Amino acid sequence: MTAFSDAAHVLARPFTTYAALGAEIDPSPARALAWGLVALQLSIAAMVSLTTAGRLVAAHVVGPVLAWAFVPALQLVALAAAWASVRRESTLPFVRLAALYFAGHGPWYALFAAVEAVAIFAPDGGNALLALLGSGALPVALLVTIVWGAVLTAALFRAGARLTRARAARAVAIFYGCYVLFIVGYYTLVGQLLPRFGVLE
């Protein structure tokens, strides 16, 4: 299956699909991981281009791929920390676990597609998105996406890695704890967060 077809299956039946994928022997997990990374980056780039220009523009695609490369990088580091805490209880190699994790980005693909549809088909895409933001619809959609993604991550560790409920919960907690910490640390380092609290260099 491709990166997007795996994402669709995981999205529809996360525990069943992850159990099946985790039991499969993938001869090239590194390639599956690479496809997952490419799919995520291109999805982000496409959303940026379509919401800013209403079409795919090369400069708008290449720039976001580079600018948002830190997201999958931080996800991989957080995933490695979670995997390290349970690797003795699971026979799933890290590269395979990471490939399956990136197959669980279906909620984000769905959100991106919805935002892109509004930007393209609404008479005034920019104002339509601002209206959705002001009405609370877009923040609610974002919250649903985050929660939905967390459920898929739990399914990854519980069914894909075949961990007990307690160990899967621990892995999920470590993953999101590290990920949030890394995100805050990243924006602190690049000077995006401190000025918002009145802390200037």
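Residues numbered from 1 in each chain as written. Predicted model: local features only at pLDDT ≥ 70, side-chain atom pairs only at ≥ 80, totals over all residues. Heavy atoms only, no water.

### Description of the confidence of the model for the protein chain
Detailed conclusions should not be drawn from predicted coordinates in areas where pLDDT is low. Going by this rule: Residue-level confidence of the predictor, termed pLDDT, takes values from 0 up to 100. Helix numbers and strand numbers start at the N terminus; a helix is a DSSP run of H or I with at least 4 residues, a strand a run of E with at least 2.
Mean pLDDT over the protein chain: 88, with 93% of residues reaching 70 or higher. Helix α4 (residues 58-67) is the least confidently modelled element of the protein chain, averaging 78 in pLDDT, while helix α9 (residues 137-160) averages 96, the highest of any element.

### A closer look at the side chain of Ser90
Counted only if it meets this: Residue burial is assigned from relative accessible area. The probe radius is 1.4 Å, only protein chains are included, and a residue is buried under 20% of its type maximum, exposed over 50%, and partly exposed in between. The term polar contact refers here to a pair of N or O atoms within 3.5 Å; inside protein, the definition further demands a hydrogen-donor-capable atom paired with an acceptor-capable atom, and it admits residues adjacent in sequence only when both atoms are side-chain atoms. Whether two residues are in contact is decided by their heavy atoms, any of which lying within 4.5 Å being enough.
By the secondary structure assignment, Ser90 is in the loop between α5 (70-86) and α6 (94-102). The class for Ser90 is buried, based on a relative accessible area of 11%. A distance of 3.2 Å separates a polar atom in the side chain of Ser90 from the backbone nitrogen of Leu92. A distance of 3.0 Å separates the side chain of Ser90 from the backbone oxygen of Ala161, its partner in a polar contact. With near-sequence residues (within four places) excluded, Ser90 lies in contact with Ala161 and Leu163.

### Observations regarding the packing of helix α2 (residues 14-23) against α9
Working note: a packed helix pair is described by the angle between its axes plus the distance between those axes. In plain terms, the rule: All axes here are fitted lines through C-alpha atoms, helices being fitted over the stretch that makes contact, and every angle between N-to-C directions spans 0 to 180 degrees. Angles are sorted into four bins: roughly parallel if under 35 degrees, roughly antiparallel if over 145, roughly perpendicular if 65 to 115, and oblique for all others. Two helices crossing with the near one rotated counterclockwise from the far one by less than a right angle form a left-handed crossing, whereas a clockwise rotation gives a right-handed crossing. The nonpolar class holds Ala, Val, Leu, Ile, Met, Phe, Trp, Tyr, Cys and Pro. Asp, Glu, Lys and Arg form the charged class, and all remaining residues, Gly among them, are polar.
Here α2 crosses α9 at 45°, and the two axes come no closer than 8 Å. When the interaxial angle is binned, α2 and α9 end up oblique. As for the relative orientation of α2 and α9, their crossing is right-handed in sense. Here Pro14, Phe15, Tyr18, Ala19 and Gly22 of α2 come into contact with α9, specifically with Leu152, Ala154, Ala155, Leu156, Arg158, Ala159 and Gly160. Taken together, the residues of the contact of α2 with α9 sort by class into nine nonpolar, two polar and one charged.

### What about the pattern of salt bridges?
A side chain of one charge can pair with a side chain of the opposite charge when the charged atoms of the two come close. As a reminder of what qualifies: Take a side-chain nitrogen of Lys or Arg and a carboxyl oxygen of Asp or Glu: if they are within 4 Å of each other, that pair is a salt bridge.
The final tally for this structure, using the stated rule, is three salt bridges. When the shortest N-O distance is used, the salt bridge between Asp26 and Arg96 registers 3.1 Å. Here Asp26, found in the loop between α2 and α3 (29-53), pairs with Arg96, found in helix α6; they are 70 residues apart in sequence, far enough to count as distant. Under the relative-accessibility criterion, Asp26 is labelled partly exposed at 24%. Overall, the relative accessible area of 8% leaves Arg96 in the buried class. Via salt bridges that share partners, Glu24, Asp26 and Arg96 belong to a single interconnected network.

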